[in-house]
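Structure assessment
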Amino acid sequence: MSLPEAFIERMHQIVPREQLQTILKTFDAPKQVTFRVNTLKSSPIELEKELMVANIPYERIAWLEGAYRISPDDKLRLTQTDAFYGGKLYIQNLASMVAPLILAPLPEETVLDLAAAPGGKTLMLAGMMQNTGWLSAVEPTRERFFRLRTNLENQGVTNAHTYMTDGRSVGKKCPEMFDRIMLDAPCSSEARFKTHEPKSMSFWSVHKAKETSKLQRRLLLSAYDALKPGGKLLYCTCSFSPEENESPLHYLLERHGENLSTLPILLPFENIQKPLARWGKEIFDNRIQNAVRILPTDTIDGFFLCLLEKKLC
Ligand code: SAM
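These notes cover the structure that comes with them. The structure presented is a predicted model; accordingly, all values stated were derived computationally and were not measured.

A word on the overall build of the protein chain. The number of helices and strands found in the protein chain is eleven helices and 15 strands. Overall size of the protein chain, expressed as C-alpha extent along the three principal axes, is 55 × 45 × 35 Å. Here the protein chain holds 313 residues, and the buried ones make up 54% of them. Here the analysis covers contacts within the protein chain between residues at least 6 apart in sequence; of these, 76% occur between residues at least 24 apart. Carbon and sulfur atoms make up 53% of the accessible area of the protein chain, which amounts to about 14,500 Å² in all.

Below, the structure written as structure tokens:
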């Protein structure tokens, strides 16, 4: 199955023209498999020993200690290792590992993951916090909520408190409570399209991306309310659509811009792009230029990230 025509048309307008064909090809081939060590249960040295015993060739990811790449052909064998069953590793795309790195929670902080299931980023946040402090994880969808709980348990997370609730209600319930907030927003998941998996694209439409934008705006307002003055909020999506990225951020800055700044994001690879300055009739707040759009390769998925800071009163 090929990519939706309307999606290709929009990509023409979003990504750099000279990279468009290379980017579109990344949706065709299976990606390299990446995973990271769960530092709550193991260490890079221990995991590498287990990979060698299992005879799984791996490559270290230069910019992230404890993260690895293997061929898709070896994925099944990886999932049959004791390390996998014992929750000593977590299979995750590199783009998803970048988000906790940028939010950079510290031990003993209060942290909120506002759209948490299945929990890949929550697990990494817990590891970075060394299972200390307070980590709230919110997920309203029942089935996904229980998957999140199982993942946290398997991976030895003890500082997380899980809530089956709508993220839009959290800001009013917990005003100015958190030092750091991760908002990995529900989105149209365009970066997860795979032409060999038609289901990955079957629910997509431009209309849906625009509808999701409304939910993302409400979630951003809720996250703003829940953030302590001086606290940091990371907004991210796995969508390319400006309606789901620049536009909800512009909406937030229009309402609370006097209390917010954006912070530059430095990434250790080249396949990135600055956010758009405008889309259709919308001209975006200049502060959004500090965000980044990760462009997909054979290893990393497309992603959009913006780091905001709430000013001290
Ligand atoms: N952060 C997760 C991870 O790394 O594993 C992935 C999160 S996924 C992109 C977005 C999640 O938001 C989905 O699990 C979805 O069910 C959830 N969601 C949908 N509506 C929501 C809402 N109103 N409030 C909070 N979460 C919501």
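Take the pattern of salt bridges next. One pass over the full model with this rule turns up 18 salt bridges. Note that K310 is salt-bridged to E176, the shortest N-O span being 3.6 Å. Of this pair, K310 sits in strand β15 (residues 303-310) while E176 is found in the loop between α9 (170-173) and β8 (178-184), placing the two residues 134 residues apart along the sequence. Residue E176 is classed as partly exposed on the basis of its relative accessible area, which comes to 42%. Between D301 and R192 there is a salt bridge, with its nearest N and O atoms 3.4 Å apart. On the criterion of sequence distance, the pair formed by D301 in the loop between β14 (292-294) and β15 and R192 in the loop between β8 and α10 (206-226) is long-range, its members being 109 residues apart. The class for R192 is partly exposed, based on a relative accessible area of 33%.

Time to look at the site of the ligand. Near the ligand you find 20 residues, and of these E139, R144, D166, G167 and D184 are the closest. Measuring from an oxygen atom of the ligand, one finds a backbone N or O atom of P118 at 3.4 Å. Isolated, the ligand exposes 600 Å² of accessible area, and the fraction of that covered by the protein chains is 86%. For the shell around the ligand, the secondary-structure elements that each account for two or more residues are α7 (120-128) and α10. Broken down by class, the residue content of the shell around the ligand amounts to ten nonpolar, four polar and six charged.

This paragraph deals with the sheet that holds strand β1 (residues 33-37). The strand order across the open sheet formed by four strands is β2-β3-β1-β4, and the pairing between neighbours is antiparallel. On the outer flanks of this sheet lie β2 (59-60) and β4 (89-91), each paired with one strand and no other. Across the face of the sheet, helix α3 (residues 44-53) comes into contact with β1, β2, β3 (67-70) and β4 while running at roughly 135° to β1.

Thresholds, definitions, all that
Residues numbered from 1 in each chain as written. Predicted model: local features only at pLDDT ≥ 70, side-chain atom pairs only at ≥ 80, totals over all residues. Heavy atoms only, no water. Helix = DSSP H or I, 4+ residues; strand = E, 2+ residues; numbered from the N terminus. Buried < 20%, exposed > 50% of the residue type's maximum accessible area, 1.4 Å probe, protein only. Contact = heavy atoms within 4.5 Å. Areas by Shrake-Rupley, 256 points an atom, 1.4 Å probe, with all protein chains shown as cover. Salt bridge = Lys/Arg side-chain N within 4 Å of Asp/Glu carboxyl O. Near = heavy atom within 4 Å. Polar contact = N/O pair within 3.5 Å; in protein donor to acceptor, adjacent residues only side chain to side chain. Nonpolar A, V, L, I, M, F, W, Y, C, P; charged D, E, K, R; others polar. Pairing = 2+ DSSP bridges. Axes fitted to C-alpha atoms, helices over the stretch in contact; angles between N-to-C directions.

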